[in-house]
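Observations on the model geometry
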Amino acid sequence: MALFGKKKDEPVQPVSRPTTVNADDIWNTPVRKKETVSIKESKFDDTKTETVEGVVSVDPEQLKKNMAELDKYVEERDAKAPVTYHDFDTNPVKQDEVTKAQDSFEKDYAVSHKAFVESHQEDISVANLEEIDDKLRVMIEEHNNKLHELENMDYNFNTVGDDEVQQKLADLPYALKEEEYEHYNDIKGVTASQDEIDKLGSIDHSNDPDNIGEVTAEQLAQATDAFEKERAAMGKK
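All values reported here derive from a predicted model rather than from experimental measurement.

Assigned secondary structure in the protein consists of 7 helices and 2 strands. Reading the helices (α) and strands (β) of the protein from amino to carboxyl end gives α-β-β-α-α-α-α-α-α. Residue burial in the protein is summarised as follows: out of 237 residues, 2% are buried. Long-range contacts, defined here as pairs at least 24 residues apart, represent 51% of the contacts in the protein between residues at least 6 apart. Only carbon and sulfur atoms are counted for the fraction: they give 54% of the accessible area of the protein, which is about 23,400 Å².

Shown next, in the form of structure tokens:
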């Protein structure tokens with residue numbers, strides 16, 4: 001494209017430069033005069049001799065003349081047109097070159113954009129609303145039928161009456177009455193006199209330790225809390 005192409009070198013046009021003024025000439029730099037002086041840094045030090053430079057005063061008439069020259073220089077500088085980068089552009093780009101470059105860029109962009117769209121295009125079928133409604137209706141009907149089936153399911157549970165329960169309990173081997181046991185009445189045939197019973201003696205357990213430790217309120221609270229947690233866990237199961 002012409003925008004990025006290298007053009008032929010053209011002769012550089014000379015640019016007028018503003019004349020400058022030497023500051024030393026304007027201000028008439030004062031002349032420094034060397035002098036020898038004696039210096040003591042403190043009253044305890046020895047005197048040292050050093051050479052220093054002194055400044056000669058400026059003539060007031062010469063200063064006025066220099067100031068007038070400075071004002072004239074400032075006026076001439078401000079009267080000149082400001083210098084921009086266009087003054088140094090020896091090979092400017094013309095408007096027709098910019099237009100051609102923009103047209104070429106837009107053509108290349110159109111081709112690249114079309115290729116990108118075609119490479120990412122996918123076939124998407126349009127959904128039919130009537131088919132969606134039919135499928136939803138079938139799903140809802142299947143769900144309702146399943147709920148109705150669960151609510152009316154017969155688990156074949158048989159009801160047992162109280163008479164049958166009592167009969168079953170009576171038929172158990174350990175469900176006999178006391179008088180029905182074989183050796184129930186034999187204990188009545190054993191007799192003993194009070195003297196014989198007294199000979200057996202007796203043991204007084206009134207002063208025996210019960211070996212039951214004292215439970216504090218804190219231990220009772222901990223045991224109660226553990227019991228409640230265990231009962232809550234069994235309830236969740």
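Now that the structure has been shown, we can carry on.
It is worth spelling out a nonpolar patch on the surface at this point. A cluster of nonpolar side chains, contributed by Leu-147, Leu-150, Met-153, Tyr-155 and Phe-157, occupies part of the molecular surface with about 550 Å² of accessible area. Assignment of secondary structure puts Tyr-155 in the loop between helix 4 (129-151) and helix 5 (162-170).

With that settled, the discussion passes to the pattern of salt bridges. Applying the stated criterion to the full structure yields 4 salt bridges. The partner of Asp-134 in a salt bridge is Arg-137, with the nearest N and O atoms 2.9 Å apart. With Asp-134 and Arg-137 both in helix 4 and 3 residues apart, this pair spans about one turn of that helix. The exposure class of Asp-134 is partly exposed, given its relative accessible area of 40%. Accessibility expressed as a relative area gives 44% for Arg-137, which makes it partly exposed. As a salt-bridge pair, Lys-229 and Asp-225 come within 3.6 Å of each other at their nearest N and O atoms. With Lys-229 and Asp-225 both in helix 7 (residues 217-236), this residue pair falls 4 residues apart, about one helical turn. Since its relative accessible area comes to 40%, Asp-225 is described here as partly exposed.

Moving on, we get to the packing of aromatic side chains. Any two aromatic rings considered together are summarised by their centre-to-centre distance and by the angle between their planes. If you walk through the whole model with that rule in mind, you get 1 aromatic pair. Plain terms: the ring middles of Phe-105 and Tyr-109 are 6.5 Å apart, the flat faces sit at 25 degrees to each other, and that makes the pair stacked. Here Tyr-109 and Phe-105 lie together in helix 3 (residues 95-119), a separation of 4 residues that amounts to about one turn.

Turning our attention to a negative patch on the surface. Judged by side-chain charge, Glu-41, Asp-45, Asp-46 and Glu-50 come together as a negatively charged surface patch. Looking at Asp-45, the relative accessible area reads 32%, which means it is partly exposed.

Glancing now at the confidence of the model for the protein. Mean pLDDT over the protein: 77, with 73% of residues reaching 70 or higher. Averaged over each element, pLDDT in the protein is lowest for helix 1 (residues 23-27) (54) and highest for helix 3 (92). Here residues 1-7 scores under 50 on pLDDT; set against residues more than four positions off or in separate chains, the count is 9 contacts.

Let us look at the environment of Ser-38. Tracing the backbone shows Ser-38 in strand 1 (residues 32-39). Separated by 11 residues in sequence, Ser-38 and Thr-49 have C-alpha atoms that sit 4.5 Å apart. Here Ser-38 is in contact with Thr-47, Lys-48 and Thr-49, once residues within four sequence places are set aside.

Calculation rules
Residues numbered from 1 in each chain as written. Predicted model: local features only at pLDDT ≥ 70, side-chain atom pairs only at ≥ 80, totals over all residues. Heavy atoms only, no water. Helix = DSSP H or I, 4+ residues; strand = E, 2+ residues; numbered from the N terminus. Buried < 20%, exposed > 50% of the residue type's maximum accessible area, 1.4 Å probe, protein only. Contact = heavy atoms within 4.5 Å. Areas by Shrake-Rupley, 256 points an atom, 1.4 Å probe, with all protein chains shown as cover. Patch = residues over 30% accessible without salt bridge, like charges linked within 9 Å, V, L, I, M, F, W, Y side chains within 5 Å. Salt bridge = Lys/Arg side-chain N within 4 Å of Asp/Glu carboxyl O. Phe/Tyr/Trp six-rings, centres within 6.5 Å; stacked < 30°, edge-to-face > 60°. Lys, Arg positive; Asp, Glu negative; His and termini not counted. Charge placed at Lys NZ, Arg CZ, Asp CG, Glu CD. pLDDT = per-residue confidence, 0-100.

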